[in-house]
There are 4 protein chains.
Amino acid sequence: MRAVEIRGAFGLDRLRVGERPDPKPGPGEVVVRLRAASLNYRDLLMVRGHYNPRQPLPLIPGSDGAGEVQAIGSGVTRVAVGDRVCPIFAQRWLGGEPDPRRLRSTLGGPLNGTFAEQIVVSEEGLVAIPSYLSDLEAACLPCAAVTAYNALVTEGGLTAGQTVLLQGTGGVSMFALQLAQALGARAIVTSSQDTKLEHASQLGAWAVLNYDQEPQWGQRVKKLTGGRGVDLVVEVGGGGTLAQSLAAVRVGGRIAMIGVLSGATSELALTSVLMRRVRLQGIMVGSRDSFEALNRLLEVHQIRPVIDRTYPLDEARAALEWMASGSHFGKIGLTI
Amino acid sequence: MRAVEIRGAFGLDRLRVGERPDPKPGPGEVVVRLRAASLNYRDLLMVRGHYNPRQPLPLIPGSDGAGEVQAIGSGVTRVAVGDRVCPIFAQRWLGGEPDPRRLRSTLGGPLNGTFAEQIVVSEEGLVAIPSYLSDLEAACLPCAAVTAYNALVTEGGLTAGQTVLLQGTGGVSMFALQLAQALGARAIVTSSQDTKLEHASQLGAWAVLNYDQEPQWGQRVKKLTGGRGVDLVVEVGGGGTLAQSLAAVRVGGRIAMIGVLSGATSELALTSVLMRRVRLQGIMVGSRDSFEALNRLLEVHQIRPVIDRTYPLDEARAALEWMASGSHFGKIGLTI
Amino acid sequence: MRAVEIRGAFGLDRLRVGERPDPKPGPGEVVVRLRAASLNYRDLLMVRGHYNPRQPLPLIPGSDGAGEVQAIGSGVTRVAVGDRVCPIFAQRWLGGEPDPRRLRSTLGGPLNGTFAEQIVVSEEGLVAIPSYLSDLEAACLPCAAVTAYNALVTEGGLTAGQTVLLQGTGGVSMFALQLAQALGARAIVTSSQDTKLEHASQLGAWAVLNYDQEPQWGQRVKKLTGGRGVDLVVEVGGGGTLAQSLAAVRVGGRIAMIGVLSGATSELALTSVLMRRVRLQGIMVGSRDSFEALNRLLEVHQIRPVIDRTYPLDEARAALEWMASGSHFGKIGLTI
Amino acid sequence: MRAVEIRGAFGLDRLRVGERPDPKPGPGEVVVRLRAASLNYRDLLMVRGHYNPRQPLPLIPGSDGAGEVQAIGSGVTRVAVGDRVCPIFAQRWLGGEPDPRRLRSTLGGPLNGTFAEQIVVSEEGLVAIPSYLSDLEAACLPCAAVTAYNALVTEGGLTAGQTVLLQGTGGVSMFALQLAQALGARAIVTSSQDTKLEHASQLGAWAVLNYDQEPQWGQRVKKLTGGRGVDLVVEVGGGGTLAQSLAAVRVGGRIAMIGVLSGATSELALTSVLMRRVRLQGIMVGSRDSFEALNRLLEVHQIRPVIDRTYPLDEARAALEWMASGSHFGKIGLTI
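Because the structure is a prediction, the values reported are computed rather than measured.

Draft legend 1. Just the relation of the copies chain D and chain C, in detail. For the pair chain D and chain C, the best superposition has an RMSD of 0.0 Å and corresponds to a rotation of 180° with a translation of 0.0 Å parallel to the axis. Read as a symmetry element, the transformation amounts to a two-fold axis. Taken together, the interface assignments show that 100% of the residues at the interface of chain D recur at the interface of chain C, consistent with an identical surface on both copies.

Draft legend 2. Spatial organisation of the domain arrangement of chain A. Residue and element names in this part refer to chain A. Partitioning chain A into domains gives domain 1 (2-143 + 285-335) and domain 2 (156-282). Placing the centre of domain 1 and that of domain 2 at their C-alpha centroids yields a distance of 28 Å. Each partner contributes residues to the interface: domain 1 has 17 residues there, and domain 2 has 14 residues. Of the roughly 1200 Å² buried where domain 1 meets domain 2, counting both sides, 76% is carbon and sulfur surface. Considering only the surface of domain 1 that becomes buried against domain 2, Ile303, Val306 and Phe329 emerge as the three largest contributors, covering 42% of it. Remark: the boundary between domain 1 and domain 2 carries 0 salt bridges. Counting across the interface, domain 1 meets domain 2 through 4 residue pairs in polar contact (both at pLDDT 80 or more).

Draft legend 3. The interface of chain D and chain C, seen in detail. On the chain C side, the residues contacting the 36 residues of chain D number 36 residues. Contact between chain D and chain C buries roughly 3100 Å² in total, counting both sides, with carbon and sulfur atoms accounting for 60%. For chain D, the biggest contributors to the area lost against chain C are Leu270, Leu274 and Arg277 of chain D; these three give 24% of the whole. Run the count over chain D and chain C and you get 6 salt bridges. The shortest N-O distance in the salt bridge between Glu155 of chain D and Arg279 of chain C comes to 3.5 Å. Where chain D touches chain C, the interface holds 12 residue pairs in polar contact (both at pLDDT 80 or more).

Draft legend 4. Focus on the packing of aromatic side chains. Inspection of every chain in the model, using the stated rule, returns 0 aromatic pairs over all chains. Its end group placed over the ring of Tyr51 of chain A, Arg42 of chain A keeps NZ or CZ at 4.6 Å from the ring centre. The ring of Trp206 of chain B has Arg186 of chain B lying over it, and the distance from NZ or CZ to the ring centre is 3.9 Å.

Draft legend 5. Layout of the pattern of salt bridges. What the rule picks out here adds up to 79 salt bridges over all chains. A salt bridge links Arg102 of chain A to Asp289 of chain D, with the shortest nitrogen-to-oxygen separation between them at 2.9 Å. Of the two residues, Arg102 of chain A is situated in helix H2 (residues 100-103) and Asp289 of chain D in helix H10 (residues 288-301); the pairing between them involves two chains. When sorted by exposure, Arg102 of chain A lands in the same class as Asp289 of chain D, which is buried. We note a salt bridge from Arg250 of chain B to Asp231 of chain B, for which the minimum N-O separation is 2.6 Å. Taken together, the residues Arg250 of chain B in strand S12 (residues 249-257) and Asp231 of chain B in strand S11 (residues 230-235) connect sequence positions 19 residues apart. Note on Arg250 of chain B: relative accessible area 17%, which makes it buried. Sharing partners across several salt bridges, the network here consists of Glu97 and Glu155 of chain A together with Arg277 and Arg279 of chain B.

Conventions used here
- Residues numbered from 1 in each chain as written.
- Chains lettered and ligands numbered in written order.
- Predicted model: local features only at pLDDT ≥ 70, side-chain atom pairs only at ≥ 80, totals over all residues.
- Heavy atoms only, no water.
- Least-squares fit on C-alpha atoms with pLDDT ≥ 70 in both.
- Contact = heavy atoms within 4.5 Å.
- Domains from an automatic or database assignment.
- Buried area = accessible area lost by both parts, 1.4 Å probe.
- Salt bridge = Lys/Arg side-chain N within 4 Å of Asp/Glu carboxyl O.
- Polar contact = N/O pair within 3.5 Å; in protein donor to acceptor, adjacent residues only side chain to side chain.
- Phe/Tyr/Trp six-rings, centres within 6.5 Å; stacked < 30°, edge-to-face > 60°.
- Lys NZ or Arg CZ within 6 Å of the ring centre and 35° of its normal.
- Helix = DSSP H or I, 4+ residues; strand = E, 2+ residues; numbered from the N terminus.
- Buried < 20%, exposed > 50% of the residue type's maximum accessible area, 1.4 Å probe, protein only.

Have a look at this one:
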C-alpha cells in the first residue's frame, strides 16, 4: 500500500510517499481501506517534530480518516466487510475518563496514522459513518468534530438559550459553530479577516468580531450579551487570547482549553478566575462514546463539515503547508 | 453597640473601635448578638484597601461570625430568639450557582461585617450552629470551612480512596485536611516550616513536604502517588505554586483555585492543561445550602476547627497583624 | 381587589369571585397587578380538595400568573414599579435543591394564588418577563414551562441528537415539544386523538402515535428509534403508562416523573429498571434559577406558549371544567 | 481443566463438575488460573433457569473470580504472567455508560464463568488485585463490591455526613456498609434477625432495625434522621420493600435499585416520587473504571470483604443451596 511517511528526521521536507506491505488483520482486528483523511494542526506539529520530538520514526502521520472495512480477523463481530467506518483517534479510549494508557493510543503518533491506503485497528477502535456523509466528509470528524462536541456538550454543558464564543475559523471552531446551532445556542465568532467573518455569519454565527480592529474584544462580547458575558469560550488561541476570554466569560462560566495557536503559555489573572468562579477545562478530543453521540447529533441535523480544500494523498505536504499558512476556513482534506 | 470600623481611609492604622446605634430588625430580619468572629485573608486585604479600593467607608470589616438570635422582626419563622446561628458570607446566595447579585451581598464589604457586637440580616441569611461547637469554633466556619467544602466536595468531587494536595497550613487548608479525612481521602500538605508540617501530620496528613527544601515538589508528589498524581489540588498560593500544582495533578485531575497568597498572576503552561485534560476551577466560598451540608458533615464527624490564637474584639488590629505575619496555623479568632 | 376563592368547602361549585382588601407591600415586598393567569391540573385537584384536603380555607387558587409591579416596599432593589413580572411558583425556591421549606411555599396553596387582581410577594419571588411575550403568554410559564424545562434540561440532560417521548398534548407536554426542538432533539408525541396528533405534528413533533390504536406503543417507539429506545420519557400519565414508558426507553435512559393523570400508583417492573439501568426521576416544577434559564432559552428562540382557550377571571370555574374535560390542547388562560 | 457446568437443563441438581480442555490465549488474550470464586444471587437464578431461560447450555456459571495470569497471547501489554488479577464481570464495559453490547458480555452467562480452574479473557477484561487481599477476598469483589460502589458513589453521590439505608446483610449490603464508613457516611441496616443486626453493628452500622418487629420501618428511619430522611437507600428487596424505602428517603433523595429478593414487581406510589423529587436509579454492577476506583478505595482503607462460608469448587451446589437458604451474612466463597 502507499503511505505518507516521516522518515529519518522531522520536517515538512522529510515527508515522503512510499510503499509499505499491506496489513493483515489478526484476531479481533480490522483492516480499513481508507478513502479520505483530513488534517489537524496536531499533524503539522508532529511532522515538524514540535509535538513529540522523541516520537520514533518512521511514522505514518494523520489523525483522521474514513473508509470501508476491507478485511476482518477471527472473532470480529462489531463490524463486517464493506461497512463504512472511521478509526477513532485514541484507539483505546472507548468511554469514561481518559488515562495515560488511553491517551497514548492515538493515531498519527505514537501509532501509525491515516495518511495511507490502509490501516489495521482493533474492532473496538472504529465507529460507523452516518450514511448521508461522504468519505471525505466523514474523514473530517475524528479529531476536530469530537473535540468540538466535548468542548460544547460533554464538558461545556452548552444548552439552548446560552451563548458561546468561538475563536477563529479553523476546523474545530467551524464544527463548534454548527454544533452550537444544533444545540439551540448562539455563537459569537472572532477572526482577524473580515471575509472569514462574513463566511461565519453565512454559516449562522449570531455575531462576529474582528480582533485586530478590537483587541479588547472581551468587553465588546460582554456588551453583546447584555452585560452578562458568554456561558462558554472555546479557547483555541491560548497565550494570546486567554485574557480576553476571561473578560468575555460570565460569572460561573467555562473556558474550554483546546489549542495554543497564539502561544503555549499565558499570563493568567488568577483573581478573575476565582472571584468569578470561572472554570478552565482542558479538552483532549474524546472517547468512542463521544464520537457516537456526535454522530447521532450530526445525523439528526444532517450537518456537513465545512471543507476548505482537498488534496490528493501524494500532495500531503502541500496540504500541510496550506494549513501552516493559516489561510484556510474549516477543514483541509486528503483523498486517498 | 461596639464595632470595629475602617474610617476615613484604608490601612491597618485606620482601624478604630467605636460605638454605633444598636440595630433593630425590620420585617423578615433578625438581629444577631455576635459572640465571636474569625479572620480571613480577605479581611486583611479589605482593611488595607487592596480588596476593593472603591469600597465606601466607614465599613465594619469581618466576614465570619457566630452568636445568638437577639431579636426577630415580623414574619420571621426560620429562627427564634435564642437560636445559635452564623450569618452566611454571601447573604443572598442561598443555593444554586452564584451570580453577580449574589456575589455582591457579602459581609465585611460591601455589607457591614462581623467585627461588632451585633449584626442585622435577613432571616434567610443564617444557618444553625451544630450544638457541639462553641461560638468561637462556629465563627471559624462561614468562609474558610465552606470554601474548603466546596473545593473538596461540590466542585472537587473528592471521594474515598482519592488523594488531595493542600498548600500551607492556613484556615482553608486545615479545614480541607479535616474534611479530606472525613471523606476517606488522603491529604498531602506542603509548608516551608517543618514545625507546621509536624503539626499537620499530627492532624492526620498522609504525607507532608517542605517546599523550600523541595522547590520542584510536583514531581515528588507524583512519586508519592505511585506515578499517578493527585486527584485534586487546593491551590491557595496562586502565582508561585500553580506550575508545581500542574505537575502534581493526575491526568483528568482538578485544581481548585482559591487563593493568590504568592502572586495574583501566573504563567500557565497551557499544553499541560489541555493534553492532560486538567480542570482549573475558581472557588468563591459557597451558598447557604453548602454551609448546611458542611454542618451535617462536621456534626457526624464531630470536627472542631483548628484555632491558632484568639484576640478580644478591641485588638482586631493586632489579630490582623498576626495574620499578616503568616505565622499562624489554622484560624485566628476574635471574642466579642 | 377581586379574587376567586375556595370558600367554606372544596368543590368546583364552591368557587366564588369576591372582593378582598388591596394588599400593601411590606419592606422587601412587591405588589403585582396581575393581568393574566393560567390553569394547571394541580389547580383543579386543589379546588376539588384532592390535592391537600387539609389546606385551610378560604384560599385564592392559581399557581401561574403574570402582570406588572404596582408598588414596592422599602428596601426593594430587584424590581421597580412598572416592571413586567411573573411570580414564581415556589416562592422560596430560588436555586439549588428543593427542601421541605422551599416546597411548602407554593402559590395557589398553601399560599394564596394568582386568580386575583393583585398578589403580594417577596421581591425575591419574581422573574422578569421576556419582552416579546404578552401577559397571557407569560402567565403560562411558571408551572408548566418550568416543569418541562427541568424534565428535559436540568434533570433529563436532553441534548441535540437525542429523542424524547412526550405523553399527551397538555400544557407541560406542549412546552416540552417546543423546548425539545430548541434543544435540537426529536420528540415523539402520544395521544388518543388523531386531531391532536396532527396538531402536534404541525408544531414539530418528529413522530406521533395514537395509544388507543397501539396500546403496546413501547415496542413501536423502540422500532422508530432503530431499536435503541428513547433517551428520555416525560411521564405524565402515571399508573396507566409507566409500563409502556419502560419499554420505550433505552438502556441507561431516563423517565421524568411529572404527572399521574391516569393513576397515582403503578405496578413497576423492577428487573427492567435495574437490568437496563433506567433512572426514574421525580420532577417538582423548579427554582427561580431554572425559570430564568428557561426565559433566556425562550427569548433566543422566540417561543410562544400554545394556548387553547382563554376565559375572563370571573369564569374561572368554566375554565377549570374545560380542563377537567380533557379536551384542551396546550394551556388554558385567564384574563384579569 | 476442571469446571462446574450446567448441562442439559437448568436446575441445581443439573450442576456437574467435569473436565474441559485447557484454554489457550489468542492474540490480545490472557488465560487466568483461577484460585477462588464467590457466589452472587444472580448465579443461583442462572442455575435455576430463572435469570435467562434461553441461555444456551452447557454453561460454566460464576460471575466472580480471582487468580493469576498463567499465559498471555501475542500483543498483550496490560498484564504479565504471574500478575494477580480479577476478570471483570461485564467484559466489554471498560468505562462510560453501559449499552446493550457491553451488558451482554457478562461472565457466568452468556459467557462462560468463573466456577472453573481457568478462564480466557481479553487483556482489557481484567483488573489488578490490591496486594493486601487474598485470592478469596479478591474473588468477592467483581459483582457485589462494584455494585455497592456504583450504588453509593457513582450513582448515589453519597458523601461524608450523609446517611444511607442498607437492606439485609448479603454481599452487596455488607460491602455497602464498609464503603459507607470509608466515605464518612452513616449506615442504617435492616434485617429480620437480631443476630445479624448485632453483627452489622459490630461492623460499624450507625443504627440497625428489625423489619419483622417494625414493618413500617420507613417512619422509624425518618425519626432516626431527625425527620429529614436518609439521603440514599440501597434497595435490594424490591417488591416487598420499596414502599418503606420511599417513606424513609428524604426530599430530593435517591433509591439505588439493585435487587428483587422480595418480589420482581412493586406497587409504586407515584405522587410520593414526584412531589418529593425522589430519584430511583437502576444499578447494573459497573465498568472496569469503577472497579479500579473501588480498588483504590479498598487499598487506602484496607477493607476486607465479609466472608460467610467457603466451599471447595466441587461443592458449588452445596454453596448455592446455602445461599438459597438466606442464612448467610456477607459473601459465600469457593476455593479452586
